Amino acid sequence: MALIKKRIMAPGPTEVPPTVLAAAGQPILHHRTPQFRAIFAEVCDKAKAVFQTQQPVLTLSAGGTGGMEALVTNLSEPGETVIVIAGGVFGERWAKISEALGRTVVRVDVEWGKGVDPAQVAGALKANPAAVLVLGTLNETSTGVEHPIEAVAKVVAESKACFGVDAISGLGACKFLMDAWKVDAVVAGSQKGLMMPPGLALIALSEKAWAKANSIKSGRFYWNLPTAFKSLTAEKLPDTPYTPNVSLIMQLRESLNLIHAEGMEAIWQRHQLLAKATRAGVQALGLRLLAPEFPSCAVTAVWSPEGVEGTAVVKKLRDEWGISIVGGQGKLKTSIFRIGHLGYADRADVLMTLAALEVVLTELGVKVPRGEGVKAAQTVFLEAAKK
Ligand code: PMP
């Protein structure tokens, strides 16, 4: 069988740098030792720059969805009104979680592929003055949309509601300033911009959000954020209430070291460049973008060409080229494919993916101007190198 290297160009899980992979092979440290707690202290401190916050960052042993549930549980009570910005699978997930937990959900529906208009959120807040929480998504992974979070945060900051943002696939990729933009609650996942395996959810809350979290009366146990906060701050070195995912914390230390060495500004610029080159590449092949007006810097969603299902493109790229991109989700399941370019991703990854995509589309019978996708991306990189 021919050797085919495996490469991930999906919007999470993403590739993990070799030094981060190796960090998982270290012996397990007991979590109640000064040795582990010193490492945890370093992680808690270094994570703040990724969120662009001065607030403590909590690390939960959970996938991203667990972090989302924790956020809803800690920032609203059953029966309270929660406004959900729903413009894709992950906006819908906020609604599903909130409904499952007995919150009263008011939806701000956004066409899939479009970004939310902050005026819609202002309208929903005006119509629902009792709302305690607005939930949005930084990078809607299912549509490749980057929502205008800064503008929405401005609107929500004028109300008594907290603004919670799912930054699971956006943090460490898209520009995001939690404190400066006045975002009240942020959840991130380890398997995206943080260049880690799945399994950790990171959460930070503003003072406004902590006040709400501290006032919650309804049941919560594992996802009790004030309990986690107490463990984090009660003594000189931070601690967790229960056994943390020790190996993932070791890996997080390594990934945060890489992130700090590159710098947040450089990371945002790299992602913007990769996204721009990917968009230029697929458009030069005659393909259309799903979200041209609100393009994400982490993932590019592309309408599959007429007569070809996105899933067929995904399968061929994966099976014959070893490159994992992904198809659509929900109602876009077969009509689009999505190329992730976040985390441990660079220019060569984009060129390689476009080159293989040209071959795959040609074999699927699509008339693509071969070489033009790669050329357009090269042009983006050449222009950027001049600056
Ligand atoms: N929100 C967004 C924006 C995501 O991209 C994902 C994962 N694709 C999730 C939430 C859910 O995260 P997890 O699968 O780790 O629960």
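Look up: the structure comes first, before these words.
These lines cover the structure that appears in this document, whether it is placed above or below.

Basis of the calculations
Residues numbered from 1 in each chain as written. Predicted model: local features only at pLDDT ≥ 70, side-chain atom pairs only at ≥ 80, totals over all residues. Heavy atoms only, no water. Helix = DSSP H or I, 4+ residues; strand = E, 2+ residues; numbered from the N terminus. Rg over C-alpha atoms; globule rule 2.2 N^0.38 Å. Contact = heavy atoms within 4.5 Å. Areas by Shrake-Rupley, 256 points an atom, 1.4 Å probe, with all protein chains shown as cover. Lys, Arg positive; Asp, Glu negative; His and termini not counted. Charge placed at Lys NZ, Arg CZ, Asp CG, Glu CD. Buried < 20%, exposed > 50% of the residue type's maximum accessible area, 1.4 Å probe, protein only. Polar contact = N/O pair within 3.5 Å; in protein donor to acceptor, adjacent residues only side chain to side chain. Pairing = 2+ DSSP bridges. Axes fitted to C-alpha atoms, helices over the stretch in contact; angles between N-to-C directions. Core = buried A, V, L, I, M, F, W, Y, C linked by side-chain atoms within 4.5 Å. 1 Å grid on protein atoms, 1.4 Å probe; cavity = no way out; pocket = protein on both sides within 12 Å on 5 of 7 lines; lining within 4 Å. Points joined across faces, edges and corners; volume = space filled by probe spheres on them. Nonpolar A, V, L, I, M, F, W, Y, C, P; charged D, E, K, R; others polar. Near = heavy atom within 4 Å. Phe/Tyr/Trp six-rings, centres within 6.5 Å; stacked < 30°, edge-to-face > 60°.

### What to know about the overall build of the chain
In step 1: When helices and strands are counted, the chain shows 14 helices and 14 strands.
In step 2: Its C-alpha atoms give the chain a radius of gyration of 21 Å, within 12% of the compact-globule value 21 Å for 387 residues.
In step 3: When the backbone C-alpha atoms are referred to their principal axes, the chain occupies close to 60 × 55 × 40 Å.
In step 4: For the chain, restricting intrachain contacts to residue pairs at least 6 apart in sequence, the fraction spanning at least 24 positions comes to 73%.
In step 5: Approximately 16000 Å² of the chain is accessible, and the part contributed by carbon and sulfur atoms is 55%.
In step 6: Here the chain carries 41 positive and 35 negative side-chain charges, and the mean point of each set is 1 Å from the other.

### A few points about helix H9 (residues 225–233)
In step 1: Three or more residues of H9 are buried, namely Leu225, Pro226, Ala228, Ser231 and Leu232.
In step 2: The secondary structure elements touched by the buried residues of H9 are helix H2 (34–51), strand S2 (57–61), helix H3 (64–75), strand S10 (200–205) and helix H8 (207–215).
In step 3: Where H9 begins, the capping side chain belongs to Asn224, and its oxygen is found 3.2 Å from the backbone nitrogen of Thr227.

### Notes on the sheet that holds strand S14 (residues 336–340)
In step 1: Across the sheet, three strands lie side by side as S11-S14-S13; this open sheet has antiparallel pairing. Of all strands in the sheet, those with a lone pairing partner are strand S11 (299–303) and strand S13 (326–327), marking the two edges.
In step 2: Both S11 and S14 contribute to a ladder of five bridges, which runs antiparallel. Looking across to S14, one finds that Ala301 is bridged to Arg338.
In step 3: Across the sheet, helix H12 (residues 310–321) lies against S13 and S14, angled at about 40 degrees from S14, the strand it touches most.

### Re the environment of Thr311
In step 1: Position of Thr311 among the secondary structure elements: in helix H12.
In step 2: For Thr311, a relative accessible area of 34% puts it in the partly exposed group.
In step 3: For Thr311 and Thr334, which are 23 residues apart along the polypeptide, the C-alpha to C-alpha distance reads 5.7 Å.

### Overview of the nonpolar core
In step 1: Formed by 94 residues in total, the largest nonpolar core has its most connected members in Phe176 and Val183.
In step 2: With eight residues, H2 is the largest single contributor of residues to this core.
In step 3: Core analysis: the second largest hydrophobic core is formed by 30 residues, Met9, Val302, Leu317 and Met352 among them.

### Thoughts on unusual backbone geometry
Most peptide bonds are trans, and most residues other than glycine sit at a negative phi.
In step 1: With an omega of -10 degrees, the peptide bond running from Gly12 to Pro13 counts as cis.
In step 2: Position of Pro13 relative to the elements: it lies in the loop between strand S1 (7–8) and helix H1 (18–23).
In step 3: Backbone geometry at Lys182 places phi at a positive 60 degrees, although glycine is not the residue there.
In step 4: When you line up the elements, Lys182 lands in the loop between helix H7 (178–181) and strand S9 (185–189).
In step 5: Despite not being glycine, Met195 has its phi angle at roughly 60 degrees, a positive value.
In step 6: In this structure, Met195 sits in the loop between S9 and S10.

### Overview of the layout of surface pockets
In step 1: Each pocket or cavity is described by its volume, and for the largest pocket that value is around 250 Å³.
In step 2: Along the wall of the largest pocket there are 17 residues; nearest its centre are Pro11, Phe90, Thr141, Gln191 and Lys192.
In step 3: Only H3 and helix H4 (89–100) provide two or more residues apiece to the lining of the largest pocket.
In step 4: No other element matches the three residues that H3 contributes to the lining of the largest pocket.
In step 5: Its residues assigned to classes, the lining of the largest pocket shows five nonpolar, eight polar and four charged.
In step 6: Of the volumes computed, that of the second largest pocket is approximately 200 Å³.

### Things to note about the site of the ligand
In step 1: As a matter of local geometry, the ligand sits amid 13 residues, with Gly64, Thr65, Thr141, Asp166 and Lys192 nearest to it.
In step 2: At a separation of 2.8 Å, an oxygen atom of the ligand approaches a polar side-chain atom of Gln191.
In step 3: Measuring from a nitrogen atom of the ligand, one finds a side-chain N or O atom of Lys192 at 2.8 Å.
In step 4: Coverage of the ligand by the protein chains reaches 83% of its 390 Å² of free accessible surface.

### Focus: empty space enclosed by the protein
In step 1: If you walk through the whole model with that rule in mind, you get three cavities of 30 Å³ or more.
In step 2: In this structure, the largest cavity is lined by 19 residues; those nearest its centre are Thr59, Leu60, Ala228, Thr240 and Pro241.
In step 3: Secondary-structure elements contributing two or more residues to the lining of the largest cavity are S2 and H9.
In step 4: Here the lining of the largest cavity is composed, by residue class, of 12 nonpolar, six polar and one charged.
In step 5: In this structure, the second largest cavity spans a volume of roughly 70 Å³.

### Some words on the packing of aromatic side chains
In step 1: Taken as a whole, this structure holds six aromatic pairs when the rule is applied.
In step 2: Each ring, one from Tyr222 and one from Trp223, has its centre 5.0 Å from the other, and the planes form 45 degrees; the classification is tilted.
In step 3: Classification of Tyr222 by relative accessible area gives partly exposed; the value is 42%.
In step 4: Trp223 gets classed as buried once you look at its relative accessible area, which sits at 16%.
In step 5: One aromatic cluster in this structure is built from Phe221, Tyr222, Trp223 and Tyr242.

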